[in-house]
Amino acid sequence: EAGVVQSPRYKIIEKKQPVAFWCNPISGHNTLYWYRQNLGQGPELLIRYENEEAVDDSQLPKDRFSAERLKGVDSTLKIQPAELGDSAVYLCASSLRLYSGRADTQYFGPGTRLTVL
Amino acid sequence: AQSVTQLDSQVPVFEEAPVELRCNYSSSVSVYLFWYVQYPNQGLQLLLKYLSGSTLVKGINGFEAEFNKSQTSFHLRKPSVHISDTAEYFCAVILLSGGGADGLTFGKGTHLIIQP
């Protein structure tokens, strides 16, 4: 079974440029997460989708970040314009949510390492 | 809001020696608890999780963890480590009140260094 796929794996851009990250979750997984991992830190949630609906985007910096999950499968995270402080690893994770009250295992992709110069 | 503290940023251990990685959490409500491992240039992989029941949880690669509610701890242990265990280890929680679907709240991680 294929895992969570992310692309690109690495991206180097200059500040003020736009950038986009793509995530393909595990087939059949209805819940998708985007996390940001700064150097030497644990990942922090940016946004969570259940199917195509963003159910928790409280930590997403909405002035420059946007995300979409069309048709409830693939997802794209965009930054426009990028700032120096956006340099980090962006991780995508997915899980299969069957019913409430159960902590579903989140499966992580390899991440996209973004460097903003 | 919940938080996770991993007291040790680095833990050096000799090969075949036992190891314990410490994790404490703070939350006003009950939580589910997880340990993830991250190998260089790879995503996070679940080692084990505690949802309910027995407080001693066994995971992959010979790791186990014990949930201690009174001390709000979830320490990870392995009786004999191998060079291949060198990695970053993250403790994480999810609130029960969110039904288990919320995002994970992670600690800062502990780098386990295995010395030959």
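That block above? That's the structure.
Residues numbered from 1 in each chain as written. Chains lettered and ligands numbered in written order. Predicted model: local features only at pLDDT ≥ 70, side-chain atom pairs only at ≥ 80, totals over all residues. Heavy atoms only, no water.

## Digging into the nonpolar core
Grouped together as the largest cluster of nonpolar side chains are 29 residues, with contacts concentrated most on Trp35, Leu48, Leu76 and Tyr89 of chain B. For this core, the secondary structure elements donating two or more residues are strand S2 (10-14), strand S3 (19-21), strand S5 (31-38), strand S6 (44-50), strand S8 (64-68), strand S9 (73-78), strand S10 (87-95) and strand S12 (110-115) of chain B. Top contributing element to this core by residue count: S10 of chain B, with five residues. Not counting residues up to four positions away in its chain, the partners in contact with Leu76 of chain B are Val19, Glu20, Leu21, Trp35, Leu47, Leu48, Phe63, Glu64, Ala65 and Tyr89 of chain B. Within the second largest apolar cluster, 21 residues are counted, among which are Trp34, Tyr49, Leu77 and Tyr90 of chain A. (Core = buried A, V, L, I, M, F, W, Y, C linked by side-chain atoms within 4.5 Å. Buried < 20%, exposed > 50% of the residue type's maximum accessible area, 1.4 Å probe, protein only. Helix = DSSP H or I, 4+ residues; strand = E, 2+ residues; numbered from the N terminus. Contact = heavy atoms within 4.5 Å.)

## A short note on unusual backbone geometry
Residue and element names in this part refer to chain A. Going from Ser7 to Pro8, the amide bond is cis rather than trans, its omega being -10 degrees. Note on placement: Pro8 falls in the loop between strand S1 (5-7) and strand S2 (10-13). Look at the link from Gln80 to Pro81: it is a cis peptide, with omega at 0 degrees. Structurally, the position occupied by Pro81 is in the loop between strand S8 (75-79) and strand S9 (88-95). Even without glycine at this site, Asn51 takes up a positive phi of about 60 degrees. Mapped onto the secondary structure, Asn51 falls in the loop between strand S5 (44-50) and strand S6 (53-56).

## Considerations on the sheet that holds S8 of chain A
Residue and element names in this part refer to chain A. Reading across from one edge, S1-S3-S8-S7 is the order of the four strands in this open sheet, with antiparallel pairing throughout. This sheet does not close on itself; its edge strands, each paired only once, are S1 and strand S7 (65-68). The sheet shows a mean angle of 15 degrees between the axes of neighbouring strands, taken without regard to direction. Where S7 lies against S8, four bridges are found, and the strand directions are antiparallel. Following the sheet pairing, Ala67 is matched in S8 by Leu77. (Pairing = 2+ DSSP bridges. Axes fitted to C-alpha atoms, helices over the stretch in contact; angles between N-to-C directions.)

## Observations concerning the pattern of salt bridges
Residue and element names in this part refer to chain B. Applying the stated criterion to the full structure yields twelve salt bridges over all chains. Here Arg22 ties to Asp8 by a salt bridge, and the two come within 3.0 Å at their closest N and O atoms. Of this pair, Arg22 sits in the loop between S3 and strand S4 (24-26) while Asp8 is found in the loop between strand S1 (3-5) and S2, placing the two residues 14 residues apart along the sequence. Classification of Arg22 as partly exposed rests on a relative accessible area of 31%. (Salt bridge = Lys/Arg side-chain N within 4 Å of Asp/Glu carboxyl O.)

## What to know about the pairing of S10 of chain B
For a regular strand, side-chain orientation follows a simple rule: the groups alternate between the two sheet faces. Residue and element names in this part refer to chain B. For S10, the buried fraction is high: eight of the nine residues fall into the buried class. Inspection of the sheet shows S5 paired to S10 by eight bridges, in the antiparallel sense. For Val37, the partnering residue across the bridge sits in S10 and is Tyr89. Strand direction decides the pairing type here: S10 and S12, joined by three bridges, are antiparallel. Looking at the pairing, Glu88 lines up with His111 of S12. Sheet topology note: the S10/strand S11 (residues 105-106) ladder contains two bridges and is antiparallel. Residue pairing across strands places Ala92 opposite Phe106, the latter belonging to S11.

## Digging into the state of the cysteines
By the definition in use, this model includes two disulfides over all chains. Across the disulfide from Cys23 of chain A sits Cys92 of chain A; the S-S distance is 1.9 Å. Judged by the sign of its S-S torsion, about -70 degrees, the bond between Cys23 of chain A and Cys92 of chain A is left-handed. Highlighted residues: Cys23 of chain A in strand S3 (residues 19-24) and Cys92 of chain A in strand S9, separated in sequence by 69 residues. At a sulfur-sulfur separation of 2.0 Å, the disulfide partner of Cys23 of chain B is Cys91 of chain B. Here the S-S torsion is close to -65 degrees, and the disulfide linking Cys23 of chain B with Cys91 of chain B is therefore left-handed. (Disulfide = S-S within 2.5 Å.)

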